[in-house]
Amino acid sequence: MTVLVVSGTGTGVGKTVVTAAVAALAADAGQRVAVLKPAQTGVAPGEPGDLAEVRRLSGDVTTCELRRYPDPLSPEAAARRSGLPEVTPADAAAAATRLHEDHDLVLVEGAGGLLVRFDATGGTLADVAWALGAPVVVVAEAGLGTLNATALTAEVATNRGLDVLGVVIGAWPSEPDLAARCNAADLPVAAAAPLLGALPEGLTSASRPEFLDEARRGLAPWLGGTFDPDRFARAAAATGT
């Protein structure tokens, strides 16, 4: 694994926490890690954005933000409203390639979902992944409605020639409802890809050592952790019975 694209089924599903967790485990294993955020929206100049959260949680990793826009919109709409330059998939791919020259792992975190527009020509995170030949991790919600959003994201990615590595639940509730408990088994079916983890909700309030421990428990071995999807699904199904 050298370059990995982290996308979500939408906004607020836990992409930043998942990115930080993968980065934390890789850095703890001695890898040189870089995290690229091509476009940060909804954050004013000087305010902490997603990359500040990644650094706080994962420690000594390189971070790179290409563009920042104050309005909480898609990057293309936010750029248009602000009058600031757009970020293009070519910009993002070039930045990831530069970072890869002196890092073992480069994580590219998207904004919103896979097809959110970066620029007026319709460039998206899917185009970045295709240009880099990088696999995609889909971050999904736990509860009702997530199966359709996950299936749509995975199908679009596959139809565009991308490799969907797997799906990670960005915030597993402390008291999962029936939909969440069933989705533990159904999400990998919807994604046609393995369940690569489930991180507990509220993880952003953890200390760095606590975060590292939860990341290890919550992510599968391919991402540096010890998460067992079959055991997780069985435990989820047994909850409330």
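Values in this document were obtained by computation on a predicted structure and should not be read as measured data.

Colleague: Is there a simple way to explain the overall build of the protein chain in this structure?
Modeller: In terms of helices and strands, the protein chain carries nine helices and seven strands. For 241 residues, the compact-globule estimate of 2.2 N^0.38 gives 18 Å, and the C-alpha radius of gyration of the protein chain, at 17 Å, lies within 12% of that figure. By principal-axis analysis of the C-alpha atoms, the protein chain measures approximately 55 × 35 × 30 Å. By the burial criterion, 50% of the 241 residues in the protein chain qualify as buried.

Colleague: What am I meant to see in helix 3 (residues 75-82) here?
Modeller: An α-helix turns once per 3.6 residues; consequently, residues spaced three or four apart project the same way. Every buried residue of helix 3 is accounted for by Pro75, Glu76, Ala77, Ala78 and Ala79. Lining the buried residues of helix 3 we find strand 2 (33-41), strand 3 (62-69) and strand 4 (105-113). Phi turns positive, to about 80°, at Gly83, one or two residues after helix 3.

Colleague: Help me understand the pairing of strand 6 (residues 164-172), please; the structure alone is not making it clear to me.
Modeller: Along any regular strand the residues' side chains alternate between the sheet's two faces. Counting buried positions along strand 6 yields eight of nine residues, so the element is predominantly enclosed. The pairing of strand 5 (residues 136-140) with strand 6 spans five bridges and is classified as parallel. Note that in strand 6 the partner of Val138 across the bridge is Val167. Traced from strand 5 through helix 6 (residues 146-159) to strand 6, the parallel crossover comes out right-handed. Pairing of strand 6 with strand 7 (residues 195-200), which is carried by four bridges, proceeds in the parallel orientation. Residue pairing across strands places Val167 opposite Leu195, the latter belonging to strand 7. Between the parallel elements strand 6 and strand 7, the chain passes through helix 7 (residues 178-191) in a crossover that is right-handed.

Colleague: Before we go on, may I ask you to explain the environment of Thr153 in this structure?
Modeller: One can find Thr153 in helix 6. On the basis of relative accessible area, Thr153 is assigned to the buried category, the value being 11%. Residues Thr153 and Gly10, 143 residues apart in the sequence, show an inter-C-alpha distance of 9.4 Å. Setting aside anything within four residues of it in sequence, one finds Thr153 in contact with Gly8, Thr9, Leu114 and Val138.

Colleague: It is not clear to me how the pattern of salt bridges should be interpreted in this structure. Could you clarify?
Modeller: In a structure, side chains of opposite charge can pair up when their charged atoms sit close to one another. Here the structure, examined in full by the defined rule, presents ten salt bridges. One network of salt bridges, in which partners are shared, links Lys37, Asp50 and Glu109.

Colleague: When you look at helix 6 in this model, what are you seeing that I'm missing?
Modeller: Across its 14 residues, helix 6 extends 20 Å between first and last C-alpha, which sits within 8% of the 20 Å expected from 1.5 Å per residue. Here helix 6 has its buried residues at Thr146, Thr150, Thr153, Ala154 and Ala157. Mapping the buried residues of helix 6 onto a view down its axis gives an arc of 95°, with all of them on the same face. Counted as exposed and oriented over 90 degrees from the buried face of helix 6: Asn148, Glu155 and Asn159. Positive phi appears at Gly161, one or two residues downstream of helix 6, with a value of about 80°.

Colleague: Could you clarify how one ought to interpret the packing of aromatic side chains in this entry?
Modeller: Here the distance between the centres and the angle between the planes together describe a pair of aromatic rings. Under the counting rule described, the total for this entry stands at two aromatic pairs. Between the aromatic rings of Trp172 and Phe232, the centroid separation amounts to 4.8 Å while the plane-to-plane angle is 70°, which identifies the pairing as edge-to-face. Of the two residues, Trp172 is situated in strand 6 and Phe232 in helix 9 (residues 229-238); the sequence distance between them amounts to 60 residues. Grouping residues by exposure puts Trp172 and Phe232 together as buried. Where Phe227 meets Phe232, the ring centres are 5.3 Å apart and the plane angle is 50°; that geometry is what we call tilted. Grouping aromatic residues by their ring pairs yields a cluster made of Trp172, Phe227 and Phe232.

Colleague: Honestly, the nonpolar core in this entry has me stumped. Any pointers?
Modeller: For soluble globular proteins, nonpolar side chains are generally found buried alongside one another. By size, the foremost hydrophobic cluster in this structure holds 78 residues, and its most contacted members are Val108, Ile169, Trp172, Phe211, Leu219, Leu223 and Phe232. When residues of this core are assigned to their parent elements, the largest contribution, nine residues, is made by helix 1 (residues 15-28). With near-sequence residues (within four places) excluded, Phe211 lies in contact with Val17, Ala20, Ala21, Ala24, Leu57, Leu203 and Ala206.

Colleague: Looking at this structure, how should I read the pairing of strand 3?
Modeller: Looking at chain direction, strand 2 and strand 3 are connected through seven bridges and run parallel. Paired with Leu36 across the bridge in strand 3 is Cys64. Assessed by its sense of winding, the connection that carries the chain from strand 2 through helix 2 (residues 50-58) to strand 3 is right-handed.

Reading the values: the criteria
Residues numbered from 1 in each chain as written. Predicted model: local features only at pLDDT ≥ 70, side-chain atom pairs only at ≥ 80, totals over all residues. Heavy atoms only, no water. Helix = DSSP H or I, 4+ residues; strand = E, 2+ residues; numbered from the N terminus. Rg over C-alpha atoms; globule rule 2.2 N^0.38 Å. Buried < 20%, exposed > 50% of the residue type's maximum accessible area, 1.4 Å probe, protein only. Contact = heavy atoms within 4.5 Å. Pairing = 2+ DSSP bridges. Right-handed = clockwise from strand over helix to strand, strands pointing away. Salt bridge = Lys/Arg side-chain N within 4 Å of Asp/Glu carboxyl O. Expected span 1.5 Å × (residues − 1). Arc of directions from axis to C-beta. Phe/Tyr/Trp six-rings, centres within 6.5 Å; stacked < 30°, edge-to-face > 60°. Core = buried A, V, L, I, M, F, W, Y, C linked by side-chain atoms within 4.5 Å.

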